[in-house]
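Below are the chains, spelled out letter by letter.
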Amino acid sequence: MAKEPEKRPRWYKLVAQAYTSTAPYDKWLLPLLIGIPLIIIGAGVAIGLASGSTWILVYAIIFSILVAVLAGMYTLTRRFERNAYIRMEGQRGASISIAQSIRSGWQFNEEPVSVDPRGKGIVFQGVGKGGIVLIAEGGNGARKQVEATTRRLTKLVPGVPVHAIYEGTGEGQVPLKSLVKAIKGHKKALTKAQRAQVSARLNAIGGAKLPMPKGVDPMRARPDRKAMRGR
């Protein structure tokens, strides 16, 4: 018997979930969600009254209410993402959760390609438009792993650029909130067909079959913006 497709949660449930998961950690969330819409609606009413026309006043109120709702949704979404990144920062494996949220042009493996047995560093690998990206957690502790992995990849797929991103909050590192931008910021080097060839070759050869460290908070679900806007 075929399984029934999972029903997507209603948009208002997503809004409620985003709020309840963010409010305890963000004291400014509620004041912003109240203040920003009030300011927008107040401005709309003021413009309508200043016009001296009843029709303009009505249209101004309706338009300001719509803008206020959109502004509230945008504020909630941004504060939710910001809070999620802060809470995930420093967690083992958080970077791969963010990297895998990229919708198109990049593909990242769940399993790390290198794990320091002493727990100092972990390296994940992805293939995309910019070539191969290595995401290293553990700061300078993962530098030797990245260098060794880069040498191996250069021999396996010569001519394909290999970029290293060190995730973290220290100097020369990329915080989680900027990770997607850093990945997409690499200049295009591979076509779609070339990406498929590189991925197939790397998957065929394989790498270090190492288990994913436990303790990763599965907070990879980013807010569904379309659903939160009621689409």
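It should be noted that the structure appears before, not after, this text.
This text gives an overview of the structure that appears in the document. Because the structure is a prediction, the values reported are computed rather than measured.

**A few points about the overall build of the chain**
Part 1 of the argument: Within the chain, the regular secondary structure consists of eight helices and five strands.
Part 2 of the argument: Counting from the amino terminus, the chain carries its helices and strands in the arrangement α-α-α-α-β-β-β-β-α-β-α-α-α.
Part 3 of the argument: Put simply, the chain has 231 residues, and 38% of those count as buried.
Part 4 of the argument: Looking at the chain alone, contacts between residues at least 24 apart form 66% of all its contacts between residues at least 6 apart.

**Some thoughts on the pairing of strand β5 (residues 162-167)**
Part 1 of the argument: Sheet analysis places strand β4 (residues 131-137) next to β5, joined by six bridges and oriented parallel. Among the inter-strand pairings, Ala 136 is bridged to a residue of β5, identified as Tyr 166.
Part 2 of the argument: The parallel pair β4 and β5 is bridged by helix α5 (residues 143-156), and the resulting crossover is right-handed.

**Details of the packing of aromatic side chains**
Part 1 of the argument: Using the criterion set out here, one finds two aromatic pairs in the structure.
Part 2 of the argument: Measuring from ring centre to ring centre gives 6.1 Å for Trp 106 and Phe 108, while their planes differ by 20°; the resulting arrangement is stacked.
Part 3 of the argument: Since its relative accessible area comes to 11%, Trp 106 is described here as buried.

**A look at the packing of helix α2 (residues 29-51) against helix α3 (residues 54-88)**
Part 1 of the argument: Between α2 and α3, whose axes approach to 8 Å, the crossing angle comes to 160°. Regarding the angle of α2 to α3, the classification is roughly antiparallel. In this structure, α2 crosses over α3, and the sense of that crossing is right-handed.
Part 2 of the argument: Classifying every residue of the contact of α2 with α3 gives 18 nonpolar, six polar and one charged.

**Quick notes on α2**
Part 1 of the argument: Taking 1.5 Å per residue as the helical rise, α2 with its 23 residues ought to reach 33 Å, and the 34 Å between its terminal C-alpha atoms agrees with that figure.
Part 2 of the argument: Among all positions in α2, only Leu 29, Pro 37, Gly 44 and Gly 48 are buried.
Part 3 of the argument: Looking at the packing, one finds that the buried side of α2 touches α1 (11-22) and α3.
Part 4 of the argument: Positive phi appears at Gly 52, one or two residues downstream of α2, with a value of about 80°.

**Topic: the nonpolar core**
Part 1 of the argument: If you look at the biggest cluster of nonpolar residues, it comprises 19 residues, and the most contacted ones within it are Ile 98, Phe 108, Ile 135, Leu 176, Leu 179 and Ile 183.
Part 2 of the argument: Contributing elements (two or more residues each) for this core: α3, α4 (94-99), β1 (106-108), β3 (122-128), β4 and α6 (179-184).
Part 3 of the argument: The element that contributes the greatest number of residues to this core is α4, accounting for four residues.
Part 4 of the argument: Beyond its immediate sequence surroundings of up to four residues, Leu 176 is in contact with Tyr 85, Met 88, Glu 89, Ala 94, Ser 95, Ile 98 and Glu 167.
Part 5 of the argument: Membership of the second largest hydrophobic core comes to 16 residues, among which are Leu 134, Leu 156, Val 198 and Leu 202.

**Description of the side chain of Ser 64**
Part 1 of the argument: Within the fold, Ser 64 resides in helix α3.
Part 2 of the argument: We classify Ser 64 as buried; its relative accessible area is 4%.
Part 3 of the argument: Discounting residues that sit within four places of it in the chain, Ser 64 has contacts with Ile 40, Ile 41 and Gly 44.

Criteria and cut-off values
- Residues numbered from 1 in each chain as written.
- Predicted model: local features only at pLDDT ≥ 70, side-chain atom pairs only at ≥ 80, totals over all residues.
- Heavy atoms only, no water.
- Helix = DSSP H or I, 4+ residues; strand = E, 2+ residues; numbered from the N terminus.
- Buried < 20%, exposed > 50% of the residue type's maximum accessible area, 1.4 Å probe, protein only.
- Contact = heavy atoms within 4.5 Å.
- Pairing = 2+ DSSP bridges.
- Right-handed = clockwise from strand over helix to strand, strands pointing away.
- Phe/Tyr/Trp six-rings, centres within 6.5 Å; stacked < 30°, edge-to-face > 60°.
- Axes fitted to C-alpha atoms, helices over the stretch in contact; angles between N-to-C directions.
- Parallel < 35°, antiparallel > 145°, perpendicular 65-115°, else oblique.
- Left-handed = near helix turned anticlockwise from the far one by under 90°.
- Nonpolar A, V, L, I, M, F, W, Y, C, P; charged D, E, K, R; others polar.
- Expected span 1.5 Å × (residues − 1).
- Core = buried A, V, L, I, M, F, W, Y, C linked by side-chain atoms within 4.5 Å.

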